[in-house]
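The residues making up each chain are set out below.
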Amino acid sequence: MRRRDFLASSAAATAALAVGSASAGTASAARGRLARRPVAVFTKSFQDWPIPKVCDAFADLGVNGLDLTVRPGGHIEPENAAAELPGAVAAAEAAGVKVLMLTTGVTDAGPEADRLMGVAAENGVRDLKLGYFRQKGAPLAQRMDEVRRTLAEIAALAEKHDVAPCLHVHSGDYLPSHGTMLHSLLKDLPPERVGAYVDTLHMHVEGGDAGWRQGLELVAPWIRLCAVKNYRQEPAGRDELGMAQWKKTVVPVADGFSPIPAFVKELEKHGFDGTFSLHSEYKGGHSFEDLTTEETLAQTRKDWAFFQNVLAEAAS
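Rules and cut-offs
Residues numbered from 1 in each chain as written. Predicted model: local features only at pLDDT ≥ 70, side-chain atom pairs only at ≥ 80, totals over all residues. Heavy atoms only, no water. Salt bridge = Lys/Arg side-chain N within 4 Å of Asp/Glu carboxyl O. Helix = DSSP H or I, 4+ residues; strand = E, 2+ residues; numbered from the N terminus. Buried < 20%, exposed > 50% of the residue type's maximum accessible area, 1.4 Å probe, protein only. Phe/Tyr/Trp six-rings, centres within 6.5 Å; stacked < 30°, edge-to-face > 60°. Lys NZ or Arg CZ within 6 Å of the ring centre and 35° of its normal. Axes fitted to C-alpha atoms, helices over the stretch in contact; angles between N-to-C directions. Parallel < 35°, antiparallel > 145°, perpendicular 65-115°, else oblique. Left-handed = near helix turned anticlockwise from the far one by under 90°. Contact = heavy atoms within 4.5 Å. Patch = residues over 30% accessible without salt bridge, like charges linked within 9 Å, V, L, I, M, F, W, Y side chains within 5 Å. Areas by Shrake-Rupley, 256 points an atom, 1.4 Å probe, with all protein chains shown as cover. Lys, Arg positive; Asp, Glu negative; His and termini not counted. Charge placed at Lys NZ, Arg CZ, Asp CG, Glu CD. Polar contact = N/O pair within 3.5 Å; in protein donor to acceptor, adjacent residues only side chain to side chain. Pairing = 2+ DSSP bridges.

**Topic: the pattern of salt bridges**
Should their charged atoms come close, side chains of opposite charge can pair.
Phase 1 of the analysis: Under the criterion given, the structure shown has 17 salt bridges.
Phase 2 of the analysis: One salt bridge connects D114 with K160, and the closest N-O pair in it is separated by 3.0 Å. Of this pair, D114 sits in helix α4 (residues 111-122) while K160 is found in helix α5 (residues 140-161), placing the two residues 46 residues apart along the sequence.
Phase 3 of the analysis: Owing to a relative accessible area of 23%, D114 belongs among the partly exposed residues under this scheme.
Phase 4 of the analysis: In this structure, R193 engages D162 in a salt bridge whose closest nitrogen and oxygen atoms are separated by 3.5 Å. In this pair, R193 is assigned in the loop between α6 (179-186) and β8 (195-199) and D162 in the loop between α5 and β6 (164-168), connecting sequence segments 31 residues apart.
Phase 5 of the analysis: Overall, the relative accessible area of 12% leaves R193 in the buried class.
Phase 6 of the analysis: Sharing partners across several salt bridges, the network here consists of K44, D199, K229 and E281.

**Section: the packing of aromatic side chains**
Two descriptors summarise a pair of aromatic rings, namely the distance from one centre to the other and the angle between the planes of the rings.
Phase 1 of the analysis: Tallied over the entire structure, the rule returns eight aromatic pairs.
Phase 2 of the analysis: Seen from their ring centres, Y132 and Y174 are 5.2 Å apart, and the 70° between their planes marks the pair as edge-to-face. Residue Y132 is found in the loop between β4 (127-129) and β5 (133-134), and its partner Y174 is found in strand β7 (residues 174-175); the two are separated by 42 residues along the sequence.
Phase 3 of the analysis: Owing to a relative accessible area of 33%, Y132 belongs among the partly exposed residues under this scheme.
Phase 4 of the analysis: Seen from their ring centres, Y231 and F257 are 5.5 Å apart, and the 70° between their planes marks the pair as edge-to-face. Of the two residues, Y231 is situated in strand β10 (residues 230-238) and F257 in the loop between β11 (244-251) and α9 (260-269); the sequence distance between them amounts to 26 residues.
Phase 5 of the analysis: Residue classification places Y231 among the buried residues on the basis of a relative accessible area of 4%.
Phase 6 of the analysis: An aromatic cluster is built from F46, W49 and F58, whose rings are joined through pairwise contacts.
Phase 7 of the analysis: One Lys or Arg, R134, reaches over the ring of Y174 and ends 4.0 Å from the middle of that ring.

**Concerning the packing of helix α2 (residues 51-61) against helix α3 (residues 81-95)**
Phase 1 of the analysis: α3 packs onto α2 with a crossing angle of 30° between their chain directions and a minimal axis gap of 9 Å. With respect to each other, α2 and α3 are oriented roughly parallel. Relative to α3, the crossing made by α2 is right-handed. The residues of α3 that touch α2, namely those facing I51, P52, C55, D56 and A59, are A88, A91, A92 and A95.

**Description of a negative patch on the surface**
Phase 1 of the analysis: A surface patch of like charges, here negative, comprises E79, E84, D108, E112 and E153.
Phase 2 of the analysis: You can see E79 is positioned in the loop between β2 (65-69) and α3.

**Section: α9**
Residues spaced three or four apart along an α-helix face the same direction, because each turn holds 3.6 residues.
Phase 1 of the analysis: Regarding α9, the residues found buried are I260, F263, V264, E266, L267 and E268.
Phase 2 of the analysis: Trailing α9 by a residue or two, G271 shows a phi angle of about 80°, which is positive.

**Some remarks on the side chain of H279**
Phase 1 of the analysis: In this fold, H279 is placed in the loop between β12 (275-278) and α10 (293-315).
Phase 2 of the analysis: The class of H279 is buried, set by a relative accessible area of 4%.
Phase 3 of the analysis: Side-chain polar atoms of H279 contact the side chain of E281, separated by 2.9 Å.
Phase 4 of the analysis: Those residues within four positions of H279 in sequence are excluded, and the remaining contacts are F42, D67, Y197, A227, V228 and K229.

**Looking at the pairing of β8**
Phase 1 of the analysis: The buried fraction of β8 is high, at five of five residues.
Phase 2 of the analysis: Side-chain alternation along β8 places G195, Y197 and D199 on one buried face and A196 and V198 on a second face that is also buried.
Phase 3 of the analysis: Pairing of β6 with β8, which is carried by three bridges, proceeds in the parallel orientation. Bridge pairing in β8 links L167 to A196.
Phase 4 of the analysis: As paired elements, β8 and strand β9 (residues 223-228) share four bridges and run parallel to each other. Across the sheet, A196 pairs through a bridge with I223, a residue of β9.

Quick look at the structure:
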């Protein structure tokens, strides 16, 4: 080989190694970023335990913290938030976890919402899941306009407290029931003032093969939270015409219809940097089994082991 050819070959090889090293570094950084993504566990199924016990249990799981219910019938009643939320935050810190978000019942910008947002801000909790809006039999376009006006008022109140109210996608007679409706409701509001709370179960129920993916693309700038849960459809007999009927059943996250690894990869593609909330809703007739609290914790441990692999794969 002539010297100049050798030098050219050596330069090309060096450049290739540099590119390969840079790519490996980028992949490593991506894996690290995703691995550090906050992961909470929703406390709904653990409300029969005192908050300090829940904090210890979640710390033992190895997650980052709590998605704490502060709503009627929740771990903390909204009117007691000023008295009880500081203790919950302190208990979490003592266990080595955090209260990462609050699940609230807020559906307006009234005095109760003002107080709760203020308490959340004072205790260092910025992300708040809003309550639910229903169609209530009204024409859909009319009801969507009403919800848009309400969300604008909530966003203005949130700016006062520097918190981020997040609108959750829930299949069925809810606004929004799917991602494209979520975008329609949020598109005129600034992402720094109000967020989107996407959901692996509900967005697949209404979004099928591609609708969930299209919804994520549309609402990407607003996404702050993601609920992680799964479902399957079970036979439920036939109606009077002989049409087969089906019911949704909540199942472990690795066992359902929603393609959770693909969902997380799509989030990563759009630069999601918010909090995941594992929803261990394994109590009652909607679940694949009606589990006790201890059994729910054991299933959550399995879900978390699976989801850690999902996060690692999405970042690779």
